Amino acid sequence: MTGSRVVALGHYQPAKVLTNDDLAAMVDTSDEWITSRVGIRTRHVAGPDEPVDELAAHAGAKALAAAGLTPADIDLVLVATSTAINRSPNMAARVAARLGMGSPAVMDLNVVCSGFTHALATADHAVRAGSATRALVIGADKMAEIADWTDRTTCVLVGDGAGAAVVEACAEDEEPGIGPVLWGSVPEMGHAVRIEGTPPRFAQEGQSVYRWATTQLPPIARKVCERAGVTPEELAAVVLHQANLRIIEPVAQKIGAVNAVIARDVVDSGNTSAASIPMALSKLVERGEIESGAPVLLFGFGGNLSYAGQVIRCP
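These numbers come from a predicted model, not from an experiment. (Residues numbered from 1 in each chain as written. Predicted model: local features only at pLDDT ≥ 70, side-chain atom pairs only at ≥ 80, totals over all residues. Heavy atoms only, no water.)

> Give a detailed account of the sheet that holds strand 6 (residues 134–142), specifying residues and quantitative values.
The pairing of strands in a sheet comes from backbone hydrogen bonds and takes either a parallel or an antiparallel form. Across the sheet, five strands lie side by side as 1-7-6-4-5; this open sheet has mixed pairing. Across the chains shown, the open sheet's two edge strands, defined by having one partner strand only, are strand 1 (4–12) and strand 5 (105–109). The mean inter-strand angle of the sheet, taken between neighbouring strand axes irrespective of direction, is 20°. Taken together, the nine bridges between strand 6 and strand 7 (residues 160–169) define a ladder with antiparallel strand orientation. (Pairing = 2+ DSSP bridges. Helix = DSSP H or I, 4+ residues; strand = E, 2+ residues; numbered from the N terminus. Axes fitted to C-alpha atoms, helices over the stretch in contact; angles between N-to-C directions.)

Listed below in structure tokens is the structure:
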């Protein structure tokens, strides 16, 4: 068995930007109301001719280019998404077809907002087990398509986008670049975040999610660091699910990552569900805000009241 590492990242967002003032013309809200409650100022929204797999393929192509790899080099594609309207072909198969891949294994994971960190752990496990050598791991969601645009408590939150990571096996003498995952859920509270109905619509119990996230998640995140053999003070960056700035900032503070860059992409992108962590991380790396090899905490949480986190070494 050998470990794995993230070698490159990529992200993609649709061109259309929806501001808080745009939303104020659609529903009873205002820029002040939105920023004071969730910290979001803008979000990107995909059009009807931009399906989830297209967003995912763009992000995946950028990650492959950054890694200096071709689609033929990938033998496993994992796509984390909860907005795949069509069941088959799944998103991973559609992405593989768009990118012109050979014969990779193709799987979707629906763990909503913690989908990417679940998928990253799954890729790491596959490499460690010897069933994959290089994986393309993507978080992609089109939340605007399932939003209730008459509900000001939820429509102001959502955005669309995709983020991707290339994962490959470490050399035998190389330190693993993806630490042990810590994952779990609170099934009895799963109703607090929902995507249900025909057509499907996103709804949540905001206060329940806020209390759970700000009180229960910090000690779990500290255990993630412990499993990876790092202290919170040693973290170079913390990339939490970009749900709400009023959740991100207190959770990061309670973790104790006093020297870390805190990802705040939610301000510009809104809540993009499974896309939020890889997209935020990709932007931090692109801007040169994290040194290569530095420890970064990734921690996803949300739908199903599920969570998953790991410490990775920055590519």
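Structure's up, so let's keep going.
> An account of the pairing of strand 1 is requested, with residue identities and associated values reported.
Within strand 1, seven of the nine residues are buried, leaving the element largely enclosed by the surrounding structure. Pairing between strand 1 and strand 7: eight bridges, direction antiparallel. The residue of strand 7 that forms the bridge with Tyr 12 is Ala 162. (Buried < 20%, exposed > 50% of the residue type's maximum accessible area, 1.4 Å probe, protein only.)

> I'd love a proper account of the packing of helix 3 (residues 52–67) against helix 4 (residues 91–99), names of residues and values included.
Working note: a packed helix pair is described by the angle between its axes plus the distance between those axes. Relative to each other, helix 3 and helix 4 sit at 55°, their axes nearing to 9 Å. Put simply, helix 3 runs oblique to helix 4. The crossing of helix 3 and helix 4 is right-handed. Contact residues: helix 3 offers Val 52, Asp 53, Glu 54, Ala 56, Ala 57, Ala 61 and Leu 64, while helix 4 offers Met 91, Arg 94, Val 95, Arg 98 and Leu 99. Of the residues that constitute the contact of helix 3 with helix 4, the class distribution is eight nonpolar, no polar and four charged. (Parallel < 35°, antiparallel > 145°, perpendicular 65-115°, else oblique. Left-handed = near helix turned anticlockwise from the far one by under 90°. Contact = heavy atoms within 4.5 Å. Nonpolar A, V, L, I, M, F, W, Y, C, P; charged D, E, K, R; others polar.)

> Please provide a residue-by-residue account of the sheet that holds strand 8 (residues 182–185), values included.
Overall, mixed pairing links the five strands, which are arranged 8-14-13-11-12 in an open sheet. With one partner strand each, in any of the chains shown, strand 8 and strand 12 (261–262) form the two edges of the open sheet. As judged from the four bridges shared by strand 11 (residues 237–240) and strand 13 (residues 295–302), these two strands associate in the parallel manner. Within strand 13, the residue paired with Leu 240 across the bridge is Phe 299. Packed onto the sheet, helix 5 (residues 115–129) meets strand 8, strand 13 and strand 14 (306–313) and runs at close to 55° relative to strand 14. In the packing of helix 7 (residues 245–255) onto the sheet, the strands contacted are strand 11, strand 12 and strand 13, and the crossing angle to strand 11 comes to about 135°.

> Please give an account of the pattern of salt bridges that cites residues and values.
Here the structure, examined in full by the defined rule, presents 12 salt bridges. Between Asp 53 and Arg 98 there is a salt bridge, with its nearest N and O atoms 2.5 Å apart. On the criterion of sequence distance, the pair formed by Asp 53 in helix 3 and Arg 98 in helix 4 is long-range, its members being 45 residues apart. Across the pair Lys 283 and Asp 265 runs a salt bridge, and its minimum N-O distance is 2.8 Å. Linking Lys 283 in helix 9 (residues 276–286) with Asp 265 in the loop between strand 12 and helix 8 (266–269), this pair joins segments that are 18 residues apart in sequence. Asp 265 gets classed as buried once you look at its relative accessible area, which sits at 10%. Members of the salt-bridge network, linked through shared partners, are Arg 5, Arg 134, Glu 168 and Glu 174. (Salt bridge = Lys/Arg side-chain N within 4 Å of Asp/Glu carboxyl O.)

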